[in-house]
Amino acid sequence: MGRDYRYIGKPMQRKDAVGIVTGAVQYLDDLKFQNLLHGKVLRSPHAHARINKIDKSKAEALPGVKAVLTWEDNPDWRGGTPRNVPVLDSKVRYVGDAVALVAAATEDIADEALDLIEVEYEVLPAVFDIDSAVKPGAPLVYDQFPGNVLPGGTIAFGPSSLKGVVMGDVENGFADADVVAQGAFGYENLPNALPPEPVGAVALWEEPNRVTVWGTSQAPYMDKATLFHVFNRQVEVRTIGHHVGGSFGTKVMCWQVQAYAALLSRATGRPVKVFFTKEEHMAAFTLRIGSRIHGRVGMKKDGTLTAIQGTWYVDTGYYSFTTQAQVAVGSGELMIMARCPNWDLRSVVVTTNRNASGITRGFGGQELKCSFIPLLSLAMEKACLDPFEVLKKNFVKPGGGYYWRDGNWYQYRGIDYSPAMDKGAEVFGWKEKWKGWLTPTAVNGTRRTGIGVGVHGNADVGEDTAEAYVKLDNNGAATIFLCAAEHGTGQKSNYARMVAEVLQIPPERISMTPADTLVTPFEFGPVGSRGTYAIASAVINAAEDAKRKLFEIAAPKLGADPQELETADGVVFVKGHPERSWKWKALGFDRTILGWARFEPDFTLCNCMMSFVEVEVDTETGQVNLLRVVLATDVGQIIDPQGLEGQLNGCIGSAGIDSAIFEETVLNPRSGHILNANLIDYKWRTFADLPAMEHVVLETPIPTHRFHAVGVGEIATSPGPSAVLMAVSNAVGCWLHEYPVTPQRVLRALGKLGNATNVGAR
Amino acid sequence: MQTTTSDSATRKAPGTRSVGFTVNGQRYRLNVGTEVGEISPAHTLSHTLRETLGLTGTKVSCDQGACGACAVIMDGKAVLSCKVLTVECDGTNITTIEGLRDPKTGALDPLQQAFVDHTAFQCGYCTPGMIITARAFLDENPNPAEEEVKEALSGNFCRCISHYQVIKAVMSVARKGE
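Residues numbered from 1 in each chain as written. Chains lettered and ligands numbered in written order. Predicted model: local features only at pLDDT ≥ 70, side-chain atom pairs only at ≥ 80, totals over all residues.

Student: I tried to follow the overall build of chain A on my own but got confused; where do I start?
Tutor: What chain A contains, in helices and strands, is 18 helices and 35 strands. Compactness check: chain A gives a C-alpha radius of gyration of 27 Å against a globular reference of 27 Å for 762 residues, within 12% of the reference. Among the 762 residues that make up chain A, the fraction classed as buried is 60%. Long-range pairs, those at least 24 residues apart, make up 80% of the contacts in chain A between residues at least 6 apart in sequence. (Helix = DSSP H or I, 4+ residues; strand = E, 2+ residues; numbered from the N terminus. Rg over C-alpha atoms; globule rule 2.2 N^0.38 Å. Buried ≥ 20, exposed ≤ 12 C-beta atoms within 10 Å, placed from the backbone. Contact = placed C-beta atoms within 7 Å.)

Structure follows, in structure tokens:
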């Protein structure tokens, strides 16, 4: 606000806009490859079984089949955290686990070949939930992990990777408390973010040890880093990213489909494409982690927290890729929202015989908070406190701090988000609508309305490293070398916009390289909330570095110091003396200027989102209708108004707020089959059911960003699900503690259904 | 199946079936068979458009007729091309997302321009299906109410929640029709 920018904060056409609306933009499956083979995966019908025998001879004999691979053909390629998950194994661990791979001339032939592979399974007992998995004597998903508990921590975050929060003295804290609440609260339904673009990869192996992988992930450079380890550090990996048809975090976990394509290409010497069907996408690709806290919280009558104690159980399914990292970040995120001197929060990562969990919108914090806020709500109810006031009071303030993912304490040096929360409450009408706990805002016959609020903040805005180059050409144009795959946020256009602002040339004069690890420096990927702060800072500083080098060349020609120079529209001039100028053209056709920058992680800042929701519950049918959502945030400086609007609207779908209302993958608790692995039985919000949506966006400058901004897209959804649970509880007048709030659960809470009718609900 | 005649039809072997249809003003005649470039009786229209004709602007997401990503306009109606067999398309006139631009000037269709102006997309994967569905709807209902637009698009799956900006874009064009 009030800053005079040429491009920042102005409405601007996205650089890929025309390509998107004309169908010209290419996603991976739109690319053509010469000599391409099609790969398919034979998947296990059993949740847990040993493979005693596989006969692939009939499949291999089918004309058009070029390779059939089983665990015996896997050169010990392994992934996961810890790295104990073979690309193909002699044991299957969930319904859908990979048993064999086929490469064939067409998809139809590959499909036919799958039917010809004969497998003898020895079926083993399986575990499908946290309780049965940790029970003494439970079947083991992996022999090396007793009790089905995976090792905590991740090497990626260093030796002190956060596994929970232990500080102060919780017993003293509980002694100081006026109210104490306790119990077990879960966010255990397993929604699938379900980006519309299927998950896939194309790989081309070149002997003896090189592979190029074209992927659907939004983090191509991290794919290279991951695959390097999966392939036992013996293969040169080049990864190339493209337009991504949505990810919501999930496509960070593409190493398996990439490894399938690579293994098949290695066997055939030809490029191989593997794309998951929708059923595979829904039953054999990233789900949300199951989260449950067995906890206790102490609070004073004024809302001051005195103690938080508990065990956070995390169900990661049949393996973990990022789960321990999510535990680390999620623990820190809870500290950001809950200022409290005494903590004893531990975590247990449990493995079960269902499809694997990973990043699905949130990165631990949403999952933990959606379990924690219902517990906190009990304490707030006991103390007769307005949840808006308590959440506002306990959110981190300047001078406060938190432990973050590497186990270190960080002093918070960001802004106070209370004004954004106050403004959100005002726009929503919170004070007028709030009638007290378990009290509806309005009753109209069988219909009752209720309100809820949630808050979330994430110190990942400055996480992980990013590197970028910016090249200047004598024709007044610039090129950004960045390993970024556009996955829907519009950030690639925004990086061009920011470089345009630094160099004062139109965004149309700025190009970007493909996301190709052979061309660009390292970039971690647009994950978490890091796009605007971390990635953009690398790009901006690379542009500044290029500008500095340009000025060093121009200074002697202008008889001035480099510090006295400025540039606009391809002309360098002395500040205050535009007539003393020198054109970029004078660089000559045979010279380019290359700027470089690296962003180093900075965990001292966080973003913030407060969600206010209003729901209507029909007490006769149990139907919950989301009426209105107001999001309140402060972004420092709006970079891209239309992109921001889209990101904030994104709070409802794709495993967002709707994961509290109807979105979930339904697992058969006896067989482990996913019962709704199609887009008809999996519930998703349509155009016909949109709630009213309002955004409150403040702009309090963030001093440490060149354009004073932080990203908020990731967290738009995070505070929403628990707010829905709160709103529905208030509407019906009794607690609902399970997600999603299906009609069945609402009616049961109202005493209109017996427990015996609880078929299919978890 | 009855087929229309064309020059290319005379070159095929006796007894060979073929399918003829128009896509974006271009006439095609494709033989039914198993050779490269031929149409299998099992091929869906989306497969033929993308894999045989190279028109990859039409996206396939669910491939089950549940998401609207693969919508094309066939004889004036939006249809899901993943649920139509190519051998059923004989004699039809098809418009895909690539065919919405003015063929002479190359100008974007007003609806495409409205999607650009409102940034009515995020990842963009569902966008061709949205635009095609909305175009066919507006052709029949040039002045719809907002609720009618929502109903018309309720079969289009979008996970980024571009819905609000899509409605603005479609309504901006609808109003121009008044």
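Student: Help me understand the overall build of chain B in this model?
Tutor: Along chain B, the regular secondary structure elements total five helices and five strands. For chain B, the N- to C-terminal ordering of α and β elements is β-β-α-β-β-β-α-α-α-α. Taking all 178 residues of chain B together, the buried fraction comes to 49%. For chain B, the proportion of contacts with a sequence separation of at least 24, taken over those separated by at least 6, is 56%.

Student: Honestly, the pairing of strand β32 (residues 593-599) of chain A in this entry has me stumped. Any pointers?
Tutor: For a regular strand, side-chain orientation follows a simple rule: the groups alternate between the two sheet faces. Residues and elements named next belong to chain A. Burial of the side chains of β32 is restricted to one face: I593, G595, A597 and F599 are buried, whereas none of L594, W596 and R598 on the reverse face is. As paired elements, strand β25 (residues 466-472) and β32 share seven bridges and run antiparallel to each other. Bridge pairing links A468 to A597 in β32. (Pairing = 2+ DSSP bridges.)

Student: What exactly am I supposed to notice about the domain arrangement of chain B here?
Tutor: Often, the extent of an interface is quoted as the loss of accessible area on bringing the components together. Residue and element names in this part refer to chain B. Domain assignment breaks chain B into domain 1 (8-99) and domain 2 (110-176). On a C-alpha basis, the centres of domain 1 and domain 2 stand 24 Å from each other. The partner domain 2 presents 13 residues to the 15 residues of domain 1 that form the contact. Of all the elements in the fold, those that place two or more residues in the side of domain 1 that touches domain 2 are β3 (71-74) and β4 (77-80). (Domains from an automatic or database assignment.)

Student: Quick question: what am I supposed to make of the sheet that holds strand β2 (residues 26-31) of chain B here?
Tutor: Backbone-to-backbone hydrogen bonds join strands into a sheet, with any given pair of strands oriented parallel or antiparallel. All names here are of chain B. Taken in spatial order, the five strands of this open sheet run β2-β1-β5-β3-β4, and their pairing is mixed. With partners counted over all chains shown, the strands left at the sheet margins are β2 and β4, one partner each. Ignoring strand direction, the axes of neighbouring strands in this sheet form an average angle of 35 degrees. Looking at chain direction, β3 and strand β5 (residues 93-95) are connected through two bridges and run antiparallel. Residue pairing across strands places M74 opposite I94, the latter belonging to β5. (Axes fitted to C-alpha atoms, helices over the stretch in contact; angles between N-to-C directions.)

Student: Any chance you could explain the environment of A:Q182 here in plain terms?
Tutor: Residue and element names in this part refer to chain A. Note that Q182 resides in strand β11 (residues 179-187). Taking C-alpha positions, Q182 is 73 Å from G559, a pair spaced 377 residues apart along the chain. Leaving out residues up to four positions away in the same chain, Q182 has contacts with G295 and R296.

Student: Help me out: how do you make sense of the nonpolar core in this one?
Tutor: Formed by 310 residues in total, the largest nonpolar core has its most connected members in A:V499, A:V539 and A:V728. If one sorts the elements of this core by residue count, helix α15 (residues 530-558) of chain A sits on top with 13 residues. (Core = buried A, V, L, I, M, F, W, Y, C linked by C-beta atoms within 7 Å.)

Student: It is not clear to me how the domain arrangement of chain A should be interpreted in this structure. Could you clarify?
Tutor: All names here are of chain A. As assigned here, chain A comprises domain 1 (17-26 + 464-599), domain 2 (31-124 + 196-246 + 250-283) and domain 3 (377-457 + 605-757). Spacing between the C-alpha centres of domain 1 and domain 2 amounts to 38 Å. Contacts between the two partners involve 18 residues from domain 1, matched on the other side by 16 residues from domain 2. Looking at the side of domain 1 that touches domain 2 residue by residue, the classes come out as 10 nonpolar, five polar and three charged. (Nonpolar A, V, L, I, M, F, W, Y, C, P; charged D, E, K, R; others polar.)

Student: Any chance you could explain helix α6 (residues 220-230) of chain A here in plain terms?
Tutor: Each full turn of the α-helix corresponds to 3.6 residues, which orients residues three or four apart in the same direction. Residues and elements named next belong to chain A. Most of α6 is tucked away, with eight of its 11 residues classed as buried. Among the residues of α6, P220, Y221, M222, D223, K224, T226, L227 and V230 are the ones counted as buried. Here the buried face of α6 lies against β4 (78-79), β13 (210-215), β14 (236-241), α7 (255-268) and β28 (515-516).

Student: Whenever I open this one, the confidence of the model for chain A confuses me. Can you help?
Tutor: When pLDDT is low, close inspection of the predicted coordinates is not appropriate. The pLDDT averaged across chain A works out to 97; a share of 99% of its residues lies at or above 70. Overall, residues 756-762 of chain A carries pLDDT values under 50, and its contacts beyond four positions in sequence, including any with other chains, amount to seven contacts. (pLDDT = per-residue confidence, 0-100.)

Student: Looking at this structure, how should I read the sheet that holds strand β30 (residues 571-574) of chain A?
Tutor: Residues and elements named next belong to chain A. The three strands are arranged β29-β30-β31 in an open sheet whose pairing can be described as antiparallel. Edge positions in the sheet fall to β29 (565-568) and β31 (577-583), since each of these pairs with one other strand and no more. Sheet twist, expressed as the mean angle between neighbouring strand axes with direction ignored, is 35 degrees.

Student: Got a minute to help me understand the packing of helix α2 (residues 110-117) of chain B against helix α3 (residues 127-140) of chain B in this structure?
Tutor: Working note: a packed helix pair is described by the angle between its axes plus the distance between those axes. All names here are of chain B. Following both chains from N to C, one finds α2 and α3 inclined at 135 degrees, their axes separated by 10 Å at the closest point. In this view, α2 runs oblique relative to α3, as classed from their interaxial angle. Both α2 and α3 take part in a crossing whose hand is right-handed. Taken together, the residues of α3 that come into contact with α2 (itself represented by L111, Q112 and F115) are T127, I131, A134, R135 and L138. A class-by-class count of the residues in the contact of α2 with α3 yields five nonpolar, two polar and one charged. (Parallel < 35°, antiparallel > 145°, perpendicular 65-115°, else oblique. Left-handed = near helix turned anticlockwise from the far one by under 90°.)

Student: Even after reading the chapter, I still don't get unusual backbone geometry, so can you show me in this structure?
Tutor: Most peptide bonds take the trans configuration, and most residues that are not glycine carry a negative phi. All names here are of chain A. The linkage connecting T81 with the following residue, P82, adopts the cis geometry, with an omega of -5 degrees. Tracing the backbone through its elements, the reader meets P82 in the loop between β4 and β5 (85-86). With omega at 5 degrees, the peptide bond leading from E207 into P208 counts as cis. As for its placement among the helices and strands, P208 is situated in the loop between β12 (200-206) and β13. Positive phi is not limited to glycine here, since L194 has a value of about 50 degrees.

Student: Before we go on, may I ask you to explain α2(B) in this structure?
Tutor: Residue and element names in this part refer to chain B. Listing the buried residues of α2 in full gives L111, Q112, A114 and F115. Viewed along the axis of α2, the buried residues span an arc of 160 degrees, placing them on a single side of the element. Immediately downstream of α2, the backbone of T119 shows phi near 40 degrees, a positive value. (Arc of directions from axis to C-beta.)

Student: Just to check I follow, could you spell out the pairing of strand β17 (residues 290-299) of chain A for this structure?
Tutor: Residue and element names in this part refer to chain A. In terms of residue burial, β17 counts as a mostly covered element, since nine of its 10 residues are buried. Of the strand pairs in this sheet, β11 and β17 are connected by nine bridges, and their pairing is antiparallel. Across the sheet, the residue bridging to G183 is G295, located in β17. What sits between β17 and strand β18 (residues 305-315) in their antiparallel hairpin is a turn of five residues, with G303 showing a positive phi close to 90 degrees.

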